[in-house]
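Descriptive analysis of the structure
Chain residues, written in single-letter form:
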Amino acid sequence: MAERSVIEAVRDGMSEMMTADDRIFVLGEDVQEGGVFRATEGFLDKFGPQRVLDTPLAEASIVGVAIGAALNGLRPIAEIQFADFIHPAMDQILSEASRLRYRSVGDWNCPLVIRTPWGGGIHGALYHSQSIESIYAHIPGLKVVTPAFPEDFKGMIKSAIEDPDPVLFLEHKKLYRSIKTEVPDEDYRTPIGPAVVRREGEDVTVFAYGLMLHESLTAAETLAGEGISAEVVDLRSLRPLDKETILNSAKKTGKILVVYEDNLTGGFGAEISAIIAQEAFEYLDAPIVRLAGPDIPTMPYAPPLEHFYMPDAEKISAALRELAAY
Amino acid sequence: MAERSVIEAVRDGMSEMMTADDRIFVLGEDVQEGGVFRATEGFLDKFGPQRVLDTPLAEASIVGVAIGAALNGLRPIAEIQFADFIHPAMDQILSEASRLRYRSVGDWNCPLVIRTPWGGGIHGALYHSQSIESIYAHIPGLKVVTPAFPEDFKGMIKSAIEDPDPVLFLEHKKLYRSIKTEVPDEDYRTPIGPAVVRREGEDVTVFAYGLMLHESLTAAETLAGEGISAEVVDLRSLRPLDKETILNSAKKTGKILVVYEDNLTGGFGAEISAIIAQEAFEYLDAPIVRLAGPDIPTMPYAPPLEHFYMPDAEKISAALRELAAY
Amino acid sequence: MVKANERPARTRKGGVASHLGLENERLVELYRTMLASRLIQDRMFVLQRQGRAAFAITGQGHEAAQVGSAAALRPGTDWVIPYYRDVGVCLTMGMTAREIMLDFLARAEGPCSGGRQMPTHWSKRELNIVSGSSPVGTQILHAPGVAWASKVRKEKAVTAVYFGEGATSTGEFHEGLNFAAIHKLPVIFFCENNGYAISEASEKQMAVKHVADRAKGYNIEGIMMDGNDLIAVYQNMAWAAEECRGGRGPKLLEAKTYRIVPHSSDDDDRRYRSREELAEWMKKDPIDRTKRYLIEHDALTEEQDEAIRKEVEELVREAVDYALGQPMPEPETALEHVYAEEVS
Amino acid sequence: MVKANERPARTRKGGVASHLGLENERLVELYRTMLASRLIQDRMFVLQRQGRAAFAITGQGHEAAQVGSAAALRPGTDWVIPYYRDVGVCLTMGMTAREIMLDFLARAEGPCSGGRQMPTHWSKRELNIVSGSSPVGTQILHAPGVAWASKVRKEKAVTAVYFGEGATSTGEFHEGLNFAAIHKLPVIFFCENNGYAISEASEKQMAVKHVADRAKGYNIEGIMMDGNDLIAVYQNMAWAAEECRGGRGPKLLEAKTYRIVPHSSDDDDRRYRSREELAEWMKKDPIDRTKRYLIEHDALTEEQDEAIRKEVEELVREAVDYALGQPMPEPETALEHVYAEEVS
Ligand SMILES: Cc1ncc(C[n+]2csc(CCOP(=O)(O)OP(=O)(O)O)c2C)c(N)n1
Ligand SMILES: Cc1ncc(C[n+]2csc(CCOP(=O)(O)OP(=O)(O)O)c2C)c(N)n1
Ligand SMILES: [Mg+2]
Ligand SMILES: [Mg+2]
């Protein structure tokens with residue numbers, strides 16, 4: 001086992017897969033020079049310009065061309081430089097990639113990975129901080145993952161590349177260099193689908209993913225010192241969603257906090273609440289609480305505003321205390 | 001009071017506003033010849049080609065150009081021919097129209113109406129049937145309305161045109177000609193925001209909008225004959241959302257059915273469930289049930305498949321019976 | 001209005017033996033395909049009016065453009081990305097009348113979508129016919145992707161993507177041509193310019209006179225042709241395909257034509273175009289024109305034509321009867337094929 | 001590489017009196033604005049390195065293109081839709097150094113966004129400077145909309161929209177030019193072609209040699225110019241503005257230039273371009289070049305230049321000091337201005 005940062009884990013995962021299978025290639029803006037977050041650093045030398053393809057500045061074409069290549073036998077990994085810039089590719093992702101299998105009754109399929117850095121807390125302001133998972137996790141035919149640990153980033157990027165269907169691979173950019181943990185040496189996969197209980201607890205459950213997962217773990221640690229036992233579930237795959245793990249934990253503690261960084265209203269956490277309110281209702285001991293970003297354009301730049309926006313360990317701890325006391 | 005169909009109500013509303021204020025103009029594909037659903041029938045003769053602007057086939061530009069015109073003093077009503085084709089304009093709606101006020105701290109604003117026919121049940125198949133409200137009702141800075149009755153269509157299109165902020169005006173296309181009810185003669189407005197209780201009931205509440213509102217009313221009528229009293233709330237404005245009316249009704253009956261036509265997972269109904277599960281928890285007598293379309297690309301063409309997809313009065317009645325018996 | 005393009009040096013003078021590589025037999029075969037295309041589509045409208053189909057969108061009038069262009073491609077080797085009007089393209093590439101009718105009538109057995117998509121939303125993997133959707137223009141971006149894969153594997157496959165002139169207004173058109181041009185990909189961008197996008201005349205879509213003029217912004221060749229001239233279309237397409245195979249792609253081809261039917265079964269074209277204009281174009285009907293050409297060049301007799309018509313009519317009748325006898329998909333099958341295996 | 005454009009018949013020979021409508025005084029004023037632009041941006045990088053700003057994205061090297069073009073517009077009458085590099089455009093249109101520094105330092109008082117947006121995301125309604133975002137290309141679609149409104153009201157306002165050459169790859173570029181061309185709108189599409197989109201050289205964005213060539217696809221004029229030549233830029237822009245006012249718009253203008261700094265404070269440009277290339281372009285620095293021109297034409301002396309520099313340095317120092325003394329926005333103000341009035 002070696003320590004790896006998130007960005008290293010993504011890079012290693014792609015590099016190992018590309019070494020083993022020359023159908024795999026990356027395309028996107030500035031990928032040849034390594035990419036703005038250095039995810040493809042060294043790839044040009046290792047794999048050459050045909051497998052590390054610098055595209056024009058046109059996101060719809062990045063995804064659209066990747067779809068075409070996937071239909072003709074390649075395994076594209078499309079990089080969208082920031083999740084905030086994926087919107088022009090929405091039509092290609094929703095109308096095309098996610099529906100090719102369905103609309104051809106399985107005759108075609110679209111094995112495509114779209115990687116993109118999302119999330120805030122890095123002074124990225126309105127257009128370098130967005131959460132996009134609620135939009136995409138709503139789309140049948142697409143898979144959406146939001147890992148939080150280097151081990152999962154590496155294991156899930158490999159699963160995503162091997163997946164016969166399109167996968168939106170969301171990388172929280174604040175984790176890239178701030179989280180560095182052990183990653184197995186062998187060639188492993190982390191399956192897309194299962195959630196994982198990161199911390200067992202008895203009194204209350206926190207559901208989170210991405211950066212918020214880490215904030216939740218910090219909060220749970222704080223609360224442990226106060227005699228409150230919080231279970232923390234890592235929703236690392238939003239679509240497919242692991243209802244079983246969610247419901248088991250909800251039933252176990254009966255008190256639920258759903259944390260997400262996106263704007264509150266219509267965020268993906270609403271789905272978690274709704275599932276629990278329908279399927280674990282009898283087990284609930286308290287209202288299902290959501291803690292999320294306020295309903296303002298995500299997210300302003302000046303540090304006081306950004307800090308105001310971001311849910312964090314402190315706010316999570318406060319919400320947990322209130323829930324525990326309910 | 002005169003009887004008006006939904007499409008007539010929309011047309012009358014626009015026409016009356018355009019007659020009164022020559023800053024208002026419509027733009028979109030085929031609007032000069034009246035539009036594929038005839039919303040602008042007769043407008044070319046009445047208002048001339050500068051106020052009834054046929055655009056190139058390019059949805060991003062329809063919205064983008066409308067934004068520019070709004071910034072320079074006009075009052076555009078952009079028509080997107082089908083909601084399914086709005087995706088290329090996503091970036092303009094989310095990144096531009098909805099954020100202009102916020103990002104300029106109120107210096108700019110963007111008074112823009114985007115009208116588009118949504119929803120299924122008309123053999124429109126995968127690309128002429130989509131529900132798009134969950135994507136857009138999630139966006140701070142945008143308003144999203146989903147009227148169900150001619151009176152509201154007319155009153156809300158007028159409010160939308162006068163609104164200083166961008167409004168996505170969703171017209172369920174199956175209602176265009178199938179619903180014909182009385183519309184006041186005078187020049188009235190229906191405010192954007194308030195929900196309305198369409199039918200009072202005691203045992204259970206149904207929350208719905210668009211076509212599903214009508215299916216829910218039919219179901220409630222059926223159940224009344226069975227001694228079950230269902231309250232039906234018309235969520236005609238999804239953003240802003242009338243939490244007060246929602247919570248009041250939820251608290252009153254304690255049994256909730258949320259109905260929507262969109263795919264279940266991540267649909268806007270999840271937000272309704274989540275709000276109730278957090279803010280009316282103590283009043284609940286049963287799990288919060290959602291009835292929605294299955295998680296498949298919306299929606300297949302062949303009648304057996306389309307029928308399988310669509311929630312309807314029958315399915316709603318069944319769900320209500322179960323809830324009432326809980 | 002239509003200036004024949006001069007580019008391919010060969011001309012079509014000189015009689016049957018030199019139809020630019022098209023032997024008499026092949027020409028008659030293409031004529032037969034055009035006829036099949038026409039009759040299938042006419043029948044679609046009838047079926048729609050009879051209430052047997054909810055919707056029809058067809059391309060009567062485009063037959064020379066479609067059949068002539070697809071005839072220059074190699075089925076199963078080259079790739080086609082058609083749009084909704086392309087009955088003639090798909091027939092030429094090997095789809096059968098039966099298959100087309102199965103999909104038109106939303107039958108479970110239909111190879112394109114088994115009743116999931118609207119009619120004439122083509123797909124057949126075996127034939128390298130890429131599945132299409134309804135949003136105009138999205139398919140244009142798939143072409144450089146498909147061609148990129150061919151190029152990377154050093155295959156000599158050509159990718160032809162079809163669309164109307166309205167589609168050239170989309171961002172996708174620009175991004176697709178730009179990408180293909182930068183990488184010199186073997187893509188033929190084939191525009192069936194019928195002068196209208198639903199009700200909008202092409203002057204509302206572009207300030208250039210010809211779609212072919214748009215090629216200049218990408219430093220590629222744009223070729224305009226009489227889209228109702230089967231041989232001219234074939235000639236230009238064969239040239240473009242050769243160019244692509246030789247690494248000198250992409251090309252933008254524009255076939256000027258006209259749809260002699262409304263936009264779709266939902267459309268009333270009298271709202272936006274005159275009956276006189278329609279009548280003018282009816283005189284240029286590509287089926288009649290091809291027939292006249294074949295007869296003039298002794299490639300066809302009236303009797304043979306009669307026989308072909310009968311045969312094609314029979315083919316279409318059989319296809320419709322067969323399809324009508326097949327079941328629509330079972331309701332629960334709606335849940336299948338969202339993912340490779342179902343996930344929760 | 002850069003060929004000066006010949007279109008405007010006037011030439012710049014003949015000395016100071018005929019700087020194509022630019023009097024000496026005005027020329028010196030523009031030089032002063034270029035200098036202010038440069039010093040402001042240099043200072044931004046310093047402030048960023050000092051940790052006083054999280055991010056900086058600037059356009060040193062683009063000053064002639066920006067100031068020369070904006071100088072041909074009428075502040076408050078014409079409209080500008082700048083992109084992030086356009087310090088020089090905004091200064092010329094009337095924004096002050098103080099205002100720019102307030103926004104750069106995310107101060108509540110900043111007129112562009114009061115600390116909500118990243119630095120250099122321009123906006124000031126009073127000056128007809130439209131608020132901009134970060135996604136490349138979206139602003140291009142606003143230009144025909146703004147111009148449409150001017151045209152409808154029969155105002156003679158020109159709308160100038162700015163962007164880099166990378167932005168010409170976007171669908172928005174195509175749709176924006178297409179729309180403007182169809183309606184002959186008074187829009188100047190002004191491309192600051194600095195040869196790179198972050199690390200990507202322009203050959204990765206287009207198969208044409210010049211952005212100006214893209215104009216051909218819209219049947220509008222595309223003009224290429226030496227973007228480091230203040231007077232050439234002014235000349236072309238003044239001509240384009242006149243054309244627009246006369247109903248002969250839109251125009252696509254391309255100013256060939258170079259950013260002599262990395263893409264942003266996050267970028268290391270040594271990864272993708274040689275120091276030799278940079279050094280070559282340093283020799284063509286538009287500030288030095290303008291100064292030389294002015295001195296050669298007796299419009300400026302070394303002493304006057306010294307005085308101007310001092311004055312501008314003082315201006316920038318004052319602006320920074322002032323801005324640093326102002327507060328950042330209060331946390332709760334983050335909730336304001338989502339809608340006209342707050343809604344639940
Ligand atoms: C993105 C999008 N916008 C609008 C439509 C509705 N629509 C369907 S076909 C059509 C016109 C297409 O015109 P053209 O590209 O010229 O092809 P033609 O139908 O004339 O063959 C329109 C506007 C659509 N399908 N997709
Ligand atoms: C839609 C979008 N994609 C990617 C980016 C990231 N990005 C910011 S600037 C830039 C390069 C822009 O190049 P160009 O248009 O030539 O302008 P320049 O920066 O060279 O002045 C990129 C890729 C973005 N802001 N928006
Ligand atoms: Mg057409
Ligand atoms: Mg550039």
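So, a few notes on the structure that sits alongside this text. These numbers were taken from a predicted model, which means no experiment stands behind them. (Residues numbered from 1 in each chain as written. Chains lettered and ligands numbered in written order. Predicted model: local features only at pLDDT ≥ 70, side-chain atom pairs only at ≥ 80, totals over all residues. Heavy atoms only, no water.)

1. With respect to the overall build of chain A
The number of helices and strands found in chain A is 13 helices and 14 strands. Here the C-alpha radius of gyration of chain A, 19 Å, is about what a compact globule of 326 residues would show, namely 20 Å. Principal-axis analysis of the C-alpha atoms places the extent of chain A at approximately 60 × 45 × 40 Å. Taking all 326 residues of chain A together, 75% fall into the buried category. Carbon and sulfur atoms provide 49% of the accessible area of chain A, an area that totals close to 8,300 Å². (Helix = DSSP H or I, 4+ residues; strand = E, 2+ residues; numbered from the N terminus. Rg over C-alpha atoms; globule rule 2.2 N^0.38 Å. Buried < 20%, exposed > 50% of the residue type's maximum accessible area, 1.4 Å probe, protein only. Areas by Shrake-Rupley, 256 points an atom, 1.4 Å probe, with all protein chains shown as cover.)

2. Quick look at the site of ligand 1
With respect to spatial proximity, 20 residues lie near ligand 1, and among them Glu-59 of chain B together with Tyr-83, Tyr-84, Arg-85 and Tyr-196 of chain C are the closest. Each of chains B and C places residues near ligand 1. A distance of 2.8 Å separates an oxygen atom of ligand 1 from a polar atom in the side chain of Asn-194 of chain C. Here the shell around ligand 1 is composed, by residue class, of ten nonpolar, six polar and four charged. (Near = heavy atom within 4 Å. Polar contact = N/O pair within 3.5 Å; in protein donor to acceptor, adjacent residues only side chain to side chain. Nonpolar A, V, L, I, M, F, W, Y, C, P; charged D, E, K, R; others polar.)

3. Some words on the pairing of strand E14 (residues 289–293) of chain A
Residues and elements named next belong to chain A. Here E14 lies mainly inside the structure; five of its five residues are buried. Bridge count for strand E13 (residues 256–263) against E14 is four bridges, and the pairing is parallel. Residue pairing in the sheet places Asn-263 in a bridge with Gly-293 of E14. Crossover connection from E13 via helix H11 (residues 269–279) to parallel E14: handedness right-handed. (Pairing = 2+ DSSP bridges. Right-handed = clockwise from strand over helix to strand, strands pointing away.)

4. A short note on the relation of the copies chain C and chain D
You can overlay chain C on chain D at an RMSD of 0.0 Å; the transform is a turn of 180° with a shift of 0.0 Å along its axis. Such values leave the two copies arranged in the relation of a two-fold axis. Ranked by how close their C-alpha atoms come to the rotation axis, the residues of chain C are headed by Gly-171 of chain C, at 1.7 Å. The share of interface residues of chain C whose copies in chain D are also at the interface is 100%, consistent with both copies meeting through the same surface. (Least-squares fit on C-alpha atoms with pLDDT ≥ 70 in both. Contact = heavy atoms within 4.5 Å.)

5. Section: the relation of the copies chain A and chain B
With an RMSD of 0.0 Å, chain A superimposes on chain B once it is rotated by 180° and translated 0.0 Å along the axis. Looking at chain A, 100% of its interface residues are interface residues in chain B too, so the copies touch through the same face.

6. Some details on unusual backbone geometry
With an omega dihedral of -20°, the bond running from Thr-298 of chain B to Met-299 of chain B counts as a cis peptide bond. Summarising the element assignment, Met-299 of chain B is placed in the loop between strand E14 (289–293) and helix H12 (303–309). Residue Pro-250 of chain D is bonded to the preceding Gly-249 of chain D through a cis peptide linkage, with omega at -10°. Mapped onto the secondary structure, Pro-250 of chain D falls in the loop between helix H7 (230–245) and strand E7 (251–256). Within the chain, Ile-198 of chain C stands out as a residue other than glycine whose phi angle is a positive 45°. Its location among the elements puts Ile-198 of chain C in the loop between strand E4 (196–197) and strand E5 (200–201). Among the residues examined, Ile-198 of chain C registers a relative accessible area of 13% and is labelled buried. A positive phi is found at Asn-128 of chain D, a non-glycine position, where the angle reads about 55°. Its location among the elements puts Asn-128 of chain D in the loop between helix H4 (97–104) and helix H5 (142–152). Residue Asn-128 of chain D is classed as buried on the basis of its relative accessible area, which comes to 10%.

7. Points about a negative patch on the surface
A cluster of acidic residues, Glu-3, Glu-151, Glu-182, Asp-185 and Glu-186 of chain A, forms a negative patch at the surface. As for its position among the elements, Glu-3 of chain A is in strand E1 (residues 2–5). (Patch = residues over 30% accessible without salt bridge, like charges linked within 9 Å, V, L, I, M, F, W, Y side chains within 5 Å. Salt bridge = Lys/Arg side-chain N within 4 Å of Asp/Glu carboxyl O. Lys, Arg positive; Asp, Glu negative; His and termini not counted. Charge placed at Lys NZ, Arg CZ, Asp CG, Glu CD.)

8. Quick notes on the state of the cysteines
Residue and element names in this part refer to chain D. According to the stated counting rule, one finds zero disulfides over all chains in the structure shown. Here Cys-90 is not disulfide-linked; the sulfur of Cys-112 is the nearest cysteine sulfur, at 6.7 Å. Note on Cys-90: relative accessible area 0%, which makes it buried. Judged by its relative accessible area of 3%, Cys-112 is buried. (Disulfide = S-S within 2.5 Å.)

9. Observations concerning the coordination of the magnesium ion (ligand 3)
All names here are of chain C. Note on the magnesium ion (ligand 3): its protein donors are Glu-165 (OE), Glu-165 (OE), Asn-194 (OD1) and Tyr-196 (O). The metal-donor distances range over 2.1 to 2.7 Å. Metal-centred angles of 52 to 179° between the six donor atoms at the magnesium ion (ligand 3) mark the site as irregular. For Glu-165, a relative accessible area of 0% corresponds to the buried category. Take Tyr-196: its relative accessible area is 11%, and that puts it in the buried class. (Donors = N, O, S within 2.8 Å, 3.2 Å for Na, K, Ca; no water. Tetrahedral: all angles 85-135°; square planar, octahedral: opposite > 155°, others 65-115°.)

10. A look at the sheet that holds strand E7 (residues 251–256) of chain C
Strand pairing in a sheet relies on backbone hydrogen bonds. The paired strands run either parallel or antiparallel. Residue and element names in this part refer to chain C. Strand order in the open sheet made by the five strands is E1-E2-E3-E7-E6, with parallel pairing throughout. Looking along the sheet, the strands with just one partner apiece sit at the ends: strand E1 (79–81) and strand E6 (221–226). Strand-to-strand twist in this sheet, taken as the mean axis angle between neighbours without regard to direction, amounts to 20°. As judged from the three bridges shared by E1 and strand E2 (residues 159–164), these two strands associate in the parallel manner. Directly across from Val-80, in E2, lies its bridge partner Ala-160. Helix-sheet contacts for helix H6 (residues 171–182) involve E2, strand E3 (187–193) and E7, and the interaxial angle to E3 is about 150°. (Axes fitted to C-alpha atoms, helices over the stretch in contact; angles between N-to-C directions.)

11. Considerations on the site of ligand 2
Near ligand 2 there are 20 residues, and of these Glu-59 of chain A together with Tyr-83, Tyr-84, Arg-85 and Tyr-196 of chain D occur at the shortest range. Within the backbone of Val-136 of chain D, an N or O atom sits 2.9 Å from a nitrogen atom of ligand 2. One nitrogen or oxygen atom from the side chain of Glu-165 of chain D is found 3.0 Å from an oxygen atom belonging to ligand 2. Taking 580 Å² as the accessible area of ligand 2 by itself, protein coverage stands at 96%. Residue composition of the shell around ligand 2, by class: ten nonpolar, six polar and four charged.

12. Examining the interface of chain A and chain B
Contact residues are listed per partner, giving 48 residues for chain A and 48 residues for chain B. Of the roughly 4,200 Å² buried between chain A and chain B, counting both surfaces, carbon and sulfur atoms make up 59%. Considering only the surface of chain A that becomes buried against chain B, Arg-99, Tyr-102 and His-138 of chain A emerge as the three largest contributors, covering 16% of it. Counting every contact that joins chain A to chain B gives four salt bridges. A salt bridge links Glu-271 of chain B to Arg-290 of chain A; the nearest nitrogen and oxygen atoms lie 2.8 Å apart. When contributions to the side of chain A that touches chain B are tallied by element, the ones reaching two or more residues are helix H4 (90–97), helix H5 (100–103), helix H6 (133–136), E13, H11 and E14 of chain A. Looking at which element gives the most residues to the side of chain A that touches chain B, the answer is H11 of chain A, with seven residues. Of the residues assigned to the side of chain A that touches chain B, the class counts are 25 nonpolar, 13 polar and ten charged. (Buried area = accessible area lost by both parts, 1.4 Å probe.)

13. Quick look at the sheet that holds strand E10 (residues 204–208) of chain A
Residue and element names in this part refer to chain A. The sheet built from five strands is open, its strands ordered E9-E11-E10-E13-E14 with mixed pairing. Unpaired on one side and paired on the other, strand E9 (196–199) and E14 mark the two borders of the sheet. Going from strand to strand, the sheet's axes swing by 25° on average, the running direction of each strand aside. Strands in contact with helix H10 (residues 243–253) are E9, E10, strand E11 (230–234) and E13; relative to E10, the strand with the most contacts, it is inclined by about 155°. The sheet strands contacting H11 are E10, E13 and E14, and the helix crosses E13 at an angle near 155°.

14. Observations concerning the coordination of the magnesium ion (ligand 4)
Residues and elements named next belong to chain D. Glu-165 (OE), Glu-165 (OE), Asn-194 (OD1) and Tyr-196 (O) make up the full set of protein donors to the magnesium ion (ligand 4), lying at 2.1 to 2.7 Å. Around the magnesium ion (ligand 4) sit six donor atoms; with metal-centred angles ranging over 52 to 178°, the donor geometry is irregular. Along the chain, the residues donating to the magnesium ion (ligand 4) fall in the pattern E-x28-N-x1-Y. Here the residue Glu-165 occupies a position in the loop between strand E2 (159–164) and helix H6 (171–182), and Tyr-196 occupies one in strand E4 (residues 196–197), the gap between them amounting to 31 residues.

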